[in-house]
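Per-entry structural report
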Amino acid sequence: MSKELDIKKKQAEIVQRDLLGLKETANDFAQIWDGFKSCLTGLWVSGKYIFKPTVTLHYPDQRWVMYKNTRNWLKLVMNEETGEELCTACGSCVRVCPCSCIRVAGKKAQKRKGLVPDIFEIDFSLCCFCGLCVEVCPFNAIKFCAAYEMSCYDRNELLWNKEALLNITDDFTPIKESKKVSTLYINKWENQIKEYKIPE
Ligand code: SF4
Ligand code: SF4
């Protein structure tokens, strides 16, 4: 009798172990199915965008075209006929600037009456790009330009002198040409920074 009981007990243990094994296998399959489902969901989510128009660019190989009214780097404007700055060093922009980041000192102009800037500096690390200097200038001598990449490792690189402000590119070039223009701009910018000395 006890032998029969032992056999039944062992059989019950085997059945229990088999059931446990089946449960684990079922769990494994459930996990595989979950993984497969999330894979399909991911493919479905990204697949939906394959045929939609692209909204991103391969920066920095491609760059957005800046609109004329965007506020990027500030630029001093040159009179193309005389080759002199339009700026008369009147100081209106200095007075209106809420960040006190413009410094101007004038000298006598050679080709017209009045003054031209001897020193014209903008500290872009302080500038808030409010545009008041552009609005207030009675000679349209300062404006925002197309170049917009401003990140740098040294804060001093954001202090721009007159030459840098005159020579920065102002070309709102279409995307396919923009790589060339931006490289030109960066080269110019790097040279200007290298040559830049803070006036005594
Ligand atoms: S944009 Fe505004 S903060 Fe910047 S230099 Fe001009 S007035 Fe000053
Ligand atoms: S940029 Fe315009 S407002 Fe500023 S000093 Fe020159 S002329 Fe005057």
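Description of the structure in this document. (Residues numbered from 1 in each chain as written. Chains lettered and ligands numbered in written order. Predicted model: local features only at pLDDT ≥ 70, side-chain atom pairs only at ≥ 80, totals over all residues. Heavy atoms only, no water.)

1. Quick notes on the overall build of the protein chain
Rule in force here: Runs of H or I in DSSP of at least four residues are treated as helices and runs of E of at least two as strands, each being numbered from the N terminus. Relative accessibility under 20% of the residue-type maximum defines a buried residue, over 50% an exposed one, and the middle range a partly exposed one, all with a 1.4 Å probe and only protein chains included. Should any heavy atoms of two residues lie within 4.5 Å, those residues are counted as being in contact.
What the protein chain contains, in helices and strands, is five helices and five strands. Starting at the N terminus and walking to the C terminus, you meet the elements of the protein chain as α-β-α-β-β-α-β-β-α-α. Within the protein chain, the proportion of its 200 residues that are buried is 30%. Taking the intrachain contacts of the protein chain between residues at least 6 apart in sequence as the baseline, contacts between residues at least 24 apart amount to 72%.

2. Considering the nonpolar core
Defined as follows: What we call a nonpolar core is a set of buried Ala, Val, Leu, Ile, Met, Phe, Trp, Tyr and Cys residues that are connected through their side-chain atoms within 4.5 Å.
Membership of the largest hydrophobic core comes to 26 residues, with the highest contact counts inside it found for Trp-73, Leu-74, Ile-102, Phe-120, Ile-122, Phe-124 and Ile-142. Those elements that place two or more of their residues in this core are strand S1 (74-76), strand S3 (115-123), strand S4 (142-144) and helix H4 (162-167). Broken down by element, the residue count for this core peaks at three residues, all from H4.

3. A few points about the pattern of salt bridges
Operational definition: By definition, a salt bridge exists where a carboxyl oxygen of Asp or Glu is found within 4 Å of a side-chain nitrogen of Lys or Arg.
As enumerated under the stated definition, the model contains two salt bridges in all. Measuring nitrogen to oxygen at the nearest pair gives 3.1 Å for the salt bridge that ties Lys-162 to Glu-85. Pair noted here: Lys-162 is in helix H4 and Glu-85 is in the loop between S1 and helix H2 (92-96), with a separation of 77 residues, a long-range link. You'll find Lys-162 and Glu-85 in the same group, each marked buried. The salt bridge partner of Glu-121 is Arg-103, with a shortest N-O separation of 3.1 Å. In this pair, Glu-121 sits in strand S3 while Arg-103 sits in strand S2 (residues 102-108), placing the two residues 18 residues apart along the sequence.

4. With respect to the site of ligand 2
Put simply, the rule reads: Proximity criterion: a residue is near a molecule or strand once any of its heavy atoms comes within 4 Å of it. Side-chain classes follow a simple rule in which Ala, Val, Leu, Ile, Met, Phe, Trp, Tyr, Cys and Pro form the nonpolar group, Asp, Glu, Lys and Arg form the charged group, and the remainder, Gly included, forms the polar group.
The environment of ligand 2 is made up of Cys-87, Thr-88, Ala-89, Cys-90, Gly-91, Ser-92, Cys-93, Phe-120, Cys-137, Pro-138, Phe-139 and Ile-142. Residue classes in the shell around ligand 2 are distributed as nine nonpolar, three polar and no charged.

5. Notes on the state of the cysteines
Cysteine pairs can be linked by a disulfide, which is a covalent bond between their two sulfur atoms. Stated precisely, the cut-off is as follows: Note that a disulfide, as used here, is simply two cysteine sulfur atoms within 2.5 Å.
Following the criterion strictly, the structure yields zero disulfides and no others. Lacking any disulfide linkage, Cys-101 is separated from the closest cysteine sulfur, that of Cys-97, by 3.6 Å. Note on Cys-101: relative accessible area 7%, which makes it buried.

6. Here we look at the site of ligand 1
Around ligand 1, the neighbouring residues are Leu-74, Cys-97, Pro-98, Cys-99, Cys-101, Ile-102, Cys-127, Cys-128, Phe-129, Cys-130, Gly-131 and Cys-133. In the shell around ligand 1, the residues fall into 11 nonpolar, one polar and no charged.

7. Remarks on the sheet that holds strand S5 (residues 159-160)
Put simply, the rule is: Here a strand pair is declared whenever DSSP counts at least two bridges between the two strands.
The sheet built from three strands is open, its strands ordered S2-S3-S5 with antiparallel pairing. At either end of the open sheet lies a strand with only one pairing partner, and these are S2 and S5.

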